Amino acid sequence: MAGAVAAKRSAVAAADKVKLSAREVRVFYGAAEALHGVTMDIMCNEVVAFIGPSGCGKTTFLRCFNRMNDTVAGARVTGTITIDGNDIYDSKMDVVLLRAKVGMVFQKPNPFPKSIFENVAYGPRLHGLAPNKAALEQIVEQSLRHAGLWDEVKDRLDVPGTALSGGQQQRLCIARAIAVSPDVILMDEPCSALDPIATGIIEDLITRLKQDYTIVIVTHNMQQAARVSDRIAFFHLGDLIEMGTTEQIFMLPKQKRTEDYVTGRYG
Ligand SMILES: Nc1ncnc2c1ncn2[C@@H]1O[C@H](COP(=O)(O)OP(=O)(O)OP(=O)(O)O)[C@@H](O)[C@H]1O
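Treat the numbers as computed from the prediction; the structure is a model and nothing was measured.

Scanning the protein chain from N- to C-terminus turns up 11 helices and 10 strands. Rg of the C-alpha trace for the protein chain: 19 Å, near the compact-globule value of 18 Å for 267 residues, within the 12% margin. Overall, the C-alpha framework of the protein chain stretches about 55 × 45 × 45 Å when taken along its three principal axes. Out of the 267 residues belonging to the protein chain, those deemed buried represent 39%. Across the protein chain, contacts joining residues at least 24 apart in sequence account for 67% of those joining residues at least 6 apart.

Quick look at the structure:
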């Protein structure tokens, strides 16, 4: 009993801990400023949804958390972003390790043109996480189980990942992210290419994954934001307008622009 109480207390303590912190983050594409000084904290084991009209900067901001904007010619980020208190943009930061710690799942499932097994094994091999074949097989199985895909693929691990359905491919991409032991999973409209059943499966998965990971999701789907997120950040024209609990953003938004957006008056 004491153990259960202690475990619960440590889970609460973890949930109170800041995982990602952004201070006055601006992003420029060439001379154009796409994000105008965004400040927020994202706590351990919470699901935060970024919402807002097209072009408001959701994806641009999401991509700051694992320095994906580094890959965009002409993109420049200012301000401070930390993970567990460590500056993501520090010159000493190992970007390959950062992207393992902060995994990403994209709008369109993008498995490698390799077998299901190899899709998941690639990252652990790259990062030297498995000392031998048995350990690698175990990581692959655990990751596929965690992503809710194991039972559907365990008898055909050698078929190409691209042969799976869209929803299965997306879960394979989640397994690939999980395989390198991330702390955070960034999801950029992960269900936009999926049918409602596959979408429901991914949403259930997000709810389960938050026990182990911090999740940041960009979505255009208000119902999805309501179903999966603990907190919501509403962006408009490159500004963070408001951030609050999912209930507060939907039931009692502080800003008129948030209210207009969540009630479908624009966007
Ligand atoms: N690679 C790029 N080069 C130049 N401008 C860009 C680039 N990517 C995004 N932008 C601009 O930055 C702004 C924010 O775009 P971003 O894609 O982050 O918005 P978003 O809210 O994610 O939009 P959507 O919901 O349509 O995906 C937009 O004005 C967009 O045109």
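What follows covers the pairing of strand β3 (residues 47-51). Of all five residues making up β3, five are buried, and the element is well covered by its neighbours. Neither face of β3 is left uncovered, since the one carrying V47, A49 and I51 and the one carrying V48 and F50 both have all their residues buried. Sheet analysis places β3 next to strand β8 (residues 214-218), joined by four bridges and oriented parallel. Within β8, the position partnered with V48 by the bridge is V216. Relative to strand β9 (residues 231-236), β3 is paired through four bridges, and the arrangement is parallel.

The subject of this paragraph is the site of the ligand. Taken together, the residues surrounding the ligand are Y29, A34, G52, S54, G55, C56, G57, K58, T59, T60 and V72. Counting residues per element, the shell around the ligand draws most heavily on helix α2 (residues 58-62), which supplies three residues. Residue composition of the shell around the ligand, grouped by class: four nonpolar, six polar and one charged.

Mapped onto the present numbering, the UniProt feature "domain: ABC transporter" (unreviewed entry) falls on residues 20-262. Measuring from the first to the last C-alpha atom of residues 20-262 gives 25 Å, for a span that is 36% helix and 27% strand.

On to the sheet that holds strand β4 (residues 75-83), then. An order of β2-β1-β4-β5 is seen for the four strands of this open sheet, with the pairing classed as antiparallel. Across the chains shown, the open sheet's two edge strands, defined by having one partner strand only, are β2 (32-43) and β5 (86-87). In this sheet, β2 lies alongside strand β1 (residues 18-29) in antiparallel orientation, the contact comprising nine bridges. Note that in β2 the partner of Y29 across the bridge is A32.

Right, let's get into helix α8 (residues 196-209). In a regular helix each residue adds 1.5 Å, so 14 residues correspond to 20 Å; α8 covers 20 Å between its end C-alpha atoms and thus fits that length. All of the buried residues in α8 are T199, I202, I206 and L209. End-on view of α8: buried residues confined to an arc of 85°, all on one side of the axis. Along α8, the residues that are exposed and aim more than 90 degrees away from the buried face are P196, I197 and R208. Of the surrounding secondary structure, the elements contacted by the buried residues of α8 are β3, α7 (166-178), β7 (184-188), β8 and α9 (222-228).

Reading the values: rules and limits
Residues numbered from 1 in each chain as written. Predicted model: local features only at pLDDT ≥ 70, side-chain atom pairs only at ≥ 80, totals over all residues. Helix = DSSP H or I, 4+ residues; strand = E, 2+ residues; numbered from the N terminus. Rg over C-alpha atoms; globule rule 2.2 N^0.38 Å. Buried ≥ 20, exposed ≤ 12 C-beta atoms within 10 Å, placed from the backbone. Contact = placed C-beta atoms within 7 Å. Pairing = 2+ DSSP bridges. Near = placed C-beta within 6 Å. Nonpolar A, V, L, I, M, F, W, Y, C, P; charged D, E, K, R; others polar. UniProt positions renumbered as here; feature names shortened; annotations may be inferred. Expected span 1.5 Å × (residues − 1). Arc of directions from axis to C-beta.

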